[in-house]
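# Descriptive structure summary
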Amino acid sequence: VELLHNGFLVLWSFICLCGTVYAALDRWETEGMFGLVCCQRKSEEIWNGPLGYFTYMFYLSKYYELIDTVILALRKKPTIPLHVYHHAI
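Residues numbered from 1 in each chain as written. Predicted model: local features only at pLDDT ≥ 70, side-chain atom pairs only at ≥ 80, totals over all residues. Heavy atoms only, no water.

## Topic: the packing of aromatic side chains
Considering all chains together, one arrives at five aromatic pairs under this definition. Aromatic pair Tyr53 and Phe54: ring centres 5.2 Å apart, planes at 80°, arrangement edge-to-face. Residue class for Tyr53 comes out partly exposed when judged on its relative accessible area of 46%. Seen from their ring centres, Tyr59 and Tyr63 are 5.4 Å apart, and the 90° between their planes marks the pair as edge-to-face. Pair noted here: Tyr59 and Tyr63 are both in helix H2 (residues 49-74), with a separation of four residues, about one helical turn. Overall, the relative accessible area of 42% leaves Tyr59 in the partly exposed class. (Phe/Tyr/Trp six-rings, centres within 6.5 Å; stacked < 30°, edge-to-face > 60°. Buried < 20%, exposed > 50% of the residue type's maximum accessible area, 1.4 Å probe, protein only. Helix = DSSP H or I, 4+ residues; strand = E, 2+ residues; numbered from the N terminus.)

So, in structure tokens, the structure goes:
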């Protein structure tokens with residue numbers, strides 16, 4: 001079960017990475033680097049489209065990982081400093 005769980009997290013992060021890079025490159029092509037970094041869109045439209053979708057999915061996955069960390073702590077399993085640092089940021 002743990003291997004399946006970790007595999008799912010790796011796969012999900014990889015999908016989000018690929019989707020975000022693809023969407024960012026697409027926005028770069030249509031709006032230029034300035035449009036990607038210094039967006040000229042209205043504030044309610046900044047996260048529209050694929051870039052917003054993949055960024056939001058990655059954001060939601062952090063809550064799932066936080067729950068995973070809480071479960072580790074409640075089971076009194078050891079966590080490495082990198083794990084603690086990663087979730088503290």
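## Re the pattern of salt bridges
Within the structure shown, the criterion is met by one salt bridge. Residue Glu65 pairs with Lys62 through a salt bridge whose shortest N-O separation is 3.1 Å. Here Lys62 and Glu65 lie together in helix H2, a separation of three residues that amounts to about one turn. Judged by relative accessible area, which is 9%, Glu65 ranks as buried. (Salt bridge = Lys/Arg side-chain N within 4 Å of Asp/Glu carboxyl O.)

## Observations concerning the environment of Phe34
Relative to the helices and strands, Phe34 is located in helix H1 (residues 2-37). Those residues in contact with Phe34 that lie beyond four places of it in its chain are Cys39 and Gln40. (Contact = heavy atoms within 4.5 Å.)

## A closer look at the packing of H1 against H2
Two quantities define a packed helix pair, namely the angle between the axes and the distance from one axis to the other. Direction vectors running N to C along H1 and H2 enclose 150°, while the axes themselves pass 8 Å from each other. One finds that H1 runs roughly antiparallel with respect to H2. The chirality of how H1 crosses H2 is left-handed. (Axes fitted to C-alpha atoms, helices over the stretch in contact; angles between N-to-C directions. Parallel < 35°, antiparallel > 145°, perpendicular 65-115°, else oblique. Left-handed = near helix turned anticlockwise from the far one by under 90°.)

## What to know about the environment of Arg41
Its place among the elements puts Arg41 in the loop between H1 and H2. Remark: the alpha-carbon pair of Arg41 and Glu65, spanning 24 residues in sequence, is separated by 31 Å. With near-sequence residues (within four places) excluded, Arg41 lies in contact with Arg27, Glu31, Ile46 and Asn48.

## Observations concerning the confidence of the model for the protein
Close reading of the predicted structure is inappropriate where its pLDDT is low. Looking at the protein as a whole, its pLDDT mean stands at 84, while 98% of the residues score no less than 70. The lowest-confidence element of the protein is helix H3 (residues 81-88), averaging 75 in pLDDT; the highest-confidence one is H1, averaging 88. (pLDDT = per-residue confidence, 0-100.)

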